[in-house]
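Commentary on secondary and tertiary structure
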Amino acid sequence: MTGAHIRSPLPSLPCSWVFLHEKAYQVRDTAIESSVMTKVKGFGVYNNRLLDVADYVTPTQGSSVFCIITKLITTENQVQSWCPESEIKYRCNIDEDCQKDTGKAGGNGVLTGRCVSFNSSLRTCEIKGWCPAEIDYIKTEPMMEVENFTIFIKNSIRFPLFNFTKGNFLPTITAEYIKKCNFDPVNNTYCPIFRVGDVVQFAHQNFSNLAHKGGVIGIKIGWMCDLDQSDDSCNPTYSFTRLDAVSQKNSVSPGYNFRYAKYYKMENGTEYRTLLKAYAIRFDVLVNGNAGKFNMIPTLINMVAAFTSVGVGTVLCDIILLNFLKGAEQYKAKKFEEVSESQIRSSVSHSNGLYRNSCSQLSVKQDEKMSSDSGAFSIGQ
């Protein structure tokens, strides 16, 4: 009896990739829950004043998004009044130059339609608002000490599917280590303290440019955990990037800045304020990750899918039908054909005869073609 020869297929590359590298035998939790607390330390000198963290960090609650101010443009003692607009585009010669925009918002207040003197050589449109109007195009130098400030990050995460919690304070971190360590990707991989200058460098940015114009830096904390291993193998990885890269190439509004004010009252009850335009480096702490753990359901699903993709399903069905079912003999009779030795010899002889007959006919046809190949003939011989 002759028939198909059945053998087990070797493990294929796709199966190995799915199960070993992609861990298809695990169920994964991507709904990471995260809490981030931050703290900045350092002292700097700006406009002959010593500044501490309360002066240059906003907001003050230590959240995952915070700003370190590098440069300030200050407008002091503003009160609600009428005054000339400080932006040059509102220059004028007579009231008619300003009346077309009466009632509309100017750069620093609502335009009144009057042309007034800004200084001895310039007249601008009058506004109603906080006066004197801010002059934000003056040149100031940034506080370069920011480069040596440090950022402390405390991060806690939880994977709710597995009820697994972890923090970036590993068991090996001690109070003595915290006092002297700064993060670097080689020697202090898990130190939670980051020097500002190093973070900017890791993001492939120039600190001087950031200090002058401001910008947004992302500190990314990744948690990729295999919970089939010990808890000690689930550790954070840190990476850094410039998040507002588009604003670098924009000449209209480059960098990052914002305004805020400090309000006071005089003895007579009149309110006044100090307006500050701040250029800052904003830090966004972004947490992402996923965890995987062995589970029978995805294991079976992916095994069936992998076996089907490489044709193992047909082989397994044949093995079961030929060896383990009651109707194995009937299935075997349908799948295989029994032949005797005499039938085999007769079939071989018949095939050889057909082959020789074909060769003879081909030889005759070739001879006939050769005998009539030429159209020439002789006369008188």
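Nothing here was measured: the structure is a model prediction, and the numbers come from that model. Numbers given to residues run from 1 along each chain, matching the order in which its sequence is written. Only residues with pLDDT of at least 70 get local features here, since the model is predicted, and only at 80 or more are side-chain atom pairs given and counted; chain-wide, interface and lining totals rely on the full set of residues. Hydrogens and waters are ignored; side-chain quantities use all the structure's heavy atoms.

Here we take up the pattern of salt bridges. Salt bridges are identified by distance alone: a Lys or Arg side-chain nitrogen within 4 Å of an Asp or Glu carboxyl oxygen. Scanning all chains against the criterion turns up nine salt bridges. As a salt-bridge pair, arginine 259 and aspartate 136 come within 3.0 Å of each other at their nearest N and O atoms. Separated by 123 residues along the polypeptide, arginine 259 in strand S14 (residues 257-265) and aspartate 136 in the loop between strand S8 (122-131) and strand S9 (150-159) bring together distant segments of the chain. A residue is classified by how much of its surface remains accessible, and arginine 259, at 42% relative accessible area, is partly exposed. By relative accessible area, aspartate 136 is classed as partly exposed at 22%. One salt bridge in this structure joins aspartate 244 and arginine 242, with 2.4 Å as the shortest N-O distance. Counting from the N terminus, the helices are the DSSP runs of H or I reaching at least four residues and the strands are the DSSP runs of E reaching at least two. Relative accessible area decides the class of each residue, using a 1.4 Å probe on protein chains only: under 20% of the type maximum gives buried, over 50% gives exposed, and in between gives partly exposed.

Where nonpolar side chains cluster on the molecular surface, the patch consists of Ile88, Ile135, Tyr137 and Ile138 and spans about 340 Å² of accessible area. By secondary structure assignment, the location of isoleucine 135 is in the loop between S8 and S9. Given a relative accessible area of 32%, isoleucine 135 falls into the partly exposed group. Within this analysis, patches are made of residues with over 30% relative accessible area and no salt bridge. Like charges are joined at 9 Å or less; nonpolar side chains (Val, Leu, Ile, Met, Phe, Trp, Tyr) at 5 Å or less. Note on areas: these come from Shrake-Rupley sampling with a 1.4 Å probe, and a residue is covered only by the protein chains present in the view.

Turning to the packing of aromatic side chains, a few remarks are in order. For this analysis, a ring pair means two rings from Phe, Tyr or Trp (six-membered ring only for Trp) whose centres lie within 6.5 Å, classed as stacked if their planes differ by under 30 degrees, edge-to-face if by over 60, and tilted for the remaining angles. Counted under the stated rule, the structure contains 14 aromatic pairs. A centroid spacing of 5.5 Å and a plane angle of 25° characterise the contact between phenylalanine 66 and phenylalanine 283, whose relative ring orientation is stacked. Note that phenylalanine 66 is positioned in strand S6 (residues 65-84) and phenylalanine 283 in strand S15 (residues 271-294), a separation of 217 residues in sequence. For the ring pair phenylalanine 194 and tyrosine 238, a centre distance of 5.1 Å and an interplane angle of 65° mean the geometry is edge-to-face. Remark: tyrosine 238 occurs in strand S13 (residues 237-242) and phenylalanine 194 occurs in strand S11 (residues 193-195); sequence separation between them is 44 residues. A network of ring pairs unites the aromatic residues Phe183, Phe194, Phe202, Tyr238 and Phe240 as a single cluster. Two conditions define a charge located above a ring, namely a distance within 6 Å from the ring centre to NZ of Lys or CZ of Arg, and an angle within 35 degrees of the ring normal. The ring of tyrosine 279 has lysine 71 lying over it, and the distance from NZ or CZ to the ring centre is 4.4 Å. Taking the ring centre of phenylalanine 169 as reference, the NZ or CZ of lysine 154 above it sits at 6.0 Å.

Sulfur atoms of two cysteines make up a disulfide when they are within 2.5 Å. With the rule as written, the count across this model stands at five disulfides. Here cysteine 83 engages in a disulfide with cysteine 131; their sulfurs sit 2.1 Å apart. Looking down the S-S bond of the cysteine 83 and cysteine 131 bridge, the torsion is -80°, so its handedness is left-handed. Highlighted residues: cysteine 83 in strand S6 and cysteine 131 in strand S8, separated in sequence by 48 residues. Each member of the pair, cysteine 83 as well as cysteine 131, carries the same accessibility label: buried.

The next thing to look at is unusual backbone geometry. A cis geometry characterises the amide bond from threonine 58 onward to proline 59, with omega recorded as -10°. Residue position: proline 59 is located in the loop between strand S5 (57-58) and S6. With an omega of 0°, the peptide bond running from cysteine 131 to proline 132 counts as cis. Tracing the backbone through its elements, the reader meets proline 132 in the loop between S8 and S9.

Mapping valine 285 onto the fold places it in strand S15. Contact between two residues is taken to exist if any of their heavy atoms lie within 4.5 Å; hydrogens are not considered. Among residues more than four places away in sequence, those in contact with valine 285 are Val36, Thr38, Ser64, Phe66, Ile153, Ile219 and Ile221.

Okay, the nonpolar core next. For this analysis, a nonpolar core means a set of buried residues of the types Ala, Val, Leu, Ile, Met, Phe, Trp, Tyr and Cys, connected via side-chain atoms within 4.5 Å. Core analysis: the biggest nonpolar cluster contains 47 residues, and Tyr56, Ile68, Phe159, Val196 and Phe283 have the highest contact counts within it. If one sorts the elements of this core by residue count, S15 sits on top with seven residues. Ignoring any residue separated from it by four or fewer positions in sequence, one finds valine 196 in contact with Ile68, Val146, Glu147, Phe149, Ile151, Phe207 and Phe283. By size, the runner-up hydrophobic cluster in this structure holds 10 residues, among which are Cys83, Cys92, Leu111 and Cys131.

Here the focus is the environment of tyrosine 56. Its place among the elements puts tyrosine 56 in helix H2 (residues 53-56). C-alpha separation for the pair tyrosine 56 and alanine 278, spaced 222 residues apart in sequence, amounts to 9.3 Å. Ignoring sequence-local partners within four residues, the contact set of tyrosine 56 consists of Val40, Lys41, Gly42, Phe43, Leu51, Cys67, Ile68, Ile69, Met143 and Phe149.

A few words on the environment of glutamine 99. Position of glutamine 99 among the secondary structure elements: in helix H3 (residues 96-99). We classify glutamine 99 as partly exposed; its relative accessible area is 44%. Spatially, the C-alpha atoms of glutamine 99 and glycine 113 are 4.1 Å apart, while their sequence positions differ by 14 residues.

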